[in-house]
Structures are given as C-alpha cells and as structure tokens.
Amino acid sequence: IYASRKRILKMIYNFYIYSRKGECIYYEEWNRKTTSANLEEDQKLMYGFLWQIKNFVVKSSPYPEQEKTGFHFYKTNAYKLHFFETASKIKFVLTSDPDSPDLRETLKNIYKNIFVEYVVKNPLYKMGDQIKCELFLENLGKEVRALPNFKVPSVLK
C-alpha cells in the first residue's frame, strides 16, 4: 500500500486587540494568505462578528443570566479564531490554521505578561490609543514566533 505524505503548515495568521469601546487598538498580520483592501473595515467587521457571536452564545445558553459566555474559539475549514476577553472588556483575538490547538491560554499569557506589563503599566500610554509601545511589540513578536504552530511544518502519513 502506497502511503502519501502531506506537508501541513500550521500557522498564526493575525492578531487583534480591541478596546472596551470596540476600537481596534492593535493589529498585526503574519501569515495571512490574502491582503485586505480596507483594513479598518475588516477590523470593524471582526468586532461586529464577535459582538454577534457572543450575543448568540448568551441567548442560546441554558444559563443566560450568567455573563460569562464560554465563547473561546470557533473553527472553519480555512481558519480557527481564538478569543479571550478580560474583566475590563479588552478583547484579544488570534486567527490560526484550523488544525491549531486551542490558543486561549496563549492569549491569557499575552494579556497578563505582555499587555499588562508593557502597555497598562506604561505611563506614556493612554488607554484606548493605538498600541505602539516598543517593548510590547518586541515581546509580542517573541511570544507568537515561539508558538509551536508558527510556521512549523509537520508531516502526516
């Protein structure tokens, strides 16, 4: 029997941070296959989608009185969207290859160890502004590139 080998690249595509007001305060793209004609519009569509799916999850939950929705990720044939929302309503969104593992813990670590340390504690940063803090950018890049599914090929039989 002939066994074919398929080379699969598990990748991180892009990353968003939204303020509590729904404004995209940070966006980065690594391995996205297509470029956007209107990035600002894409960011608004993503936020609208998140708002809608959270509402759907709450309304369809057997415990609608609970504020925590339990929405962590969803998966399509093309990508997987990972989601983490802080108590202060800051939203972290990462899209990846659909075969990637759940990256919610990674988003929590980015929030706790990078966002809080280099953005929130930065006296020059005003909450809600675009994030341009050099230490944040540097450490976020290191964290994402260190993920096992950042452009690491695996072979399936």
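Residues numbered from 1 in each chain as written. Predicted model: local features only at pLDDT ≥ 70, side-chain atom pairs only at ≥ 80, totals over all residues. Heavy atoms only, no water.

*Asks:* Which parts of the structure should I look at to understand the overall build of the chain?
*Replies:* Along the backbone of the chain there are three helices and seven strands. Counted from the first residue to the last, the chain has its helices and strands arranged as β-β-β-α-β-β-β-α-α-β. In the chain, 53% of the contacts between residues at least 6 apart in sequence involve partners at least 24 apart. (Helix = DSSP H or I, 4+ residues; strand = E, 2+ residues; numbered from the N terminus. Contact = heavy atoms within 4.5 Å.)

*Asks:* Is there a simple way to think about the pattern of salt bridges in this case?
*Replies:* Two side chains bearing opposite charge may form a pair once their charged atoms approach each other closely. For the structure on display, the rule yields six salt bridges. Salt-bridge contacts for K44 lead to E40; the nearest nitrogen and oxygen are separated by 3.5 Å. Residue K44 and its partner E40 are both found in helix α1 (residues 39–60); the two are separated by four residues, about one turn of the helix. For K44, a relative accessible area of 51% gives the class exposed. Shared partners join several salt bridges into a network, and the residues in it are K54, E85 and K91. (Salt bridge = Lys/Arg side-chain N within 4 Å of Asp/Glu carboxyl O. Buried < 20%, exposed > 50% of the residue type's maximum accessible area, 1.4 Å probe, protein only.)

*Asks:* Looking at this structure, how should I read the sheet that holds strand β4 (residues 73–75)?
*Replies:* Pairing within the open sheet is antiparallel, and its five strands lie in the order β3-β2-β6-β5-β4. What marks the edges here is a single partner per strand, and that holds for β3 (24–29) and β4. Direction aside, the axes of adjacent strands within the sheet are offset by 10° on average. Across the sheet, α1 lies against β2 (12–18), β3, β4, β5 (80–85) and β6 (91–96), angled at about 75° from β2, the strand it touches most. Along the sheet face, helix α2 (residues 104–120) touches β2, β5 and β6 and points at about 45° away from the line of β5. (Pairing = 2+ DSSP bridges. Axes fitted to C-alpha atoms, helices over the stretch in contact; angles between N-to-C directions.)

*Asks:* Quick question: what am I supposed to make of unusual backbone geometry here?
*Replies:* Residues other than glycine predominantly adopt negative phi, and peptide bonds predominantly adopt the trans conformation. The backbone of K89 shows a phi angle near 70°, a positive value even though the residue is not glycine. For K89, the location among the structural elements is in the loop between β5 and β6.

*Asks:* What should I look at first to understand the pairing of β2 in this one?
*Replies:* Side-chain positions along a regular strand alternate between the two faces of the sheet. Burial analysis of β2 places seven of its seven residues in the buried class, which makes it a mostly covered element. In this sheet, β6 lies alongside β2 in antiparallel orientation, the contact comprising six bridges. Each bridged residue has a counterpart across the sheet, and for Y16 the counterpart in β6 is V93. Inspection of the sheet shows β2 paired to β3 by five bridges, in the antiparallel sense. Each residue of the ladder has a partner; that of F15, found in β3, is E28. Following β2, the chain reverses through five residues before pairing antiparallel with β3; G22 in that reversal takes a positive phi of roughly 90°.

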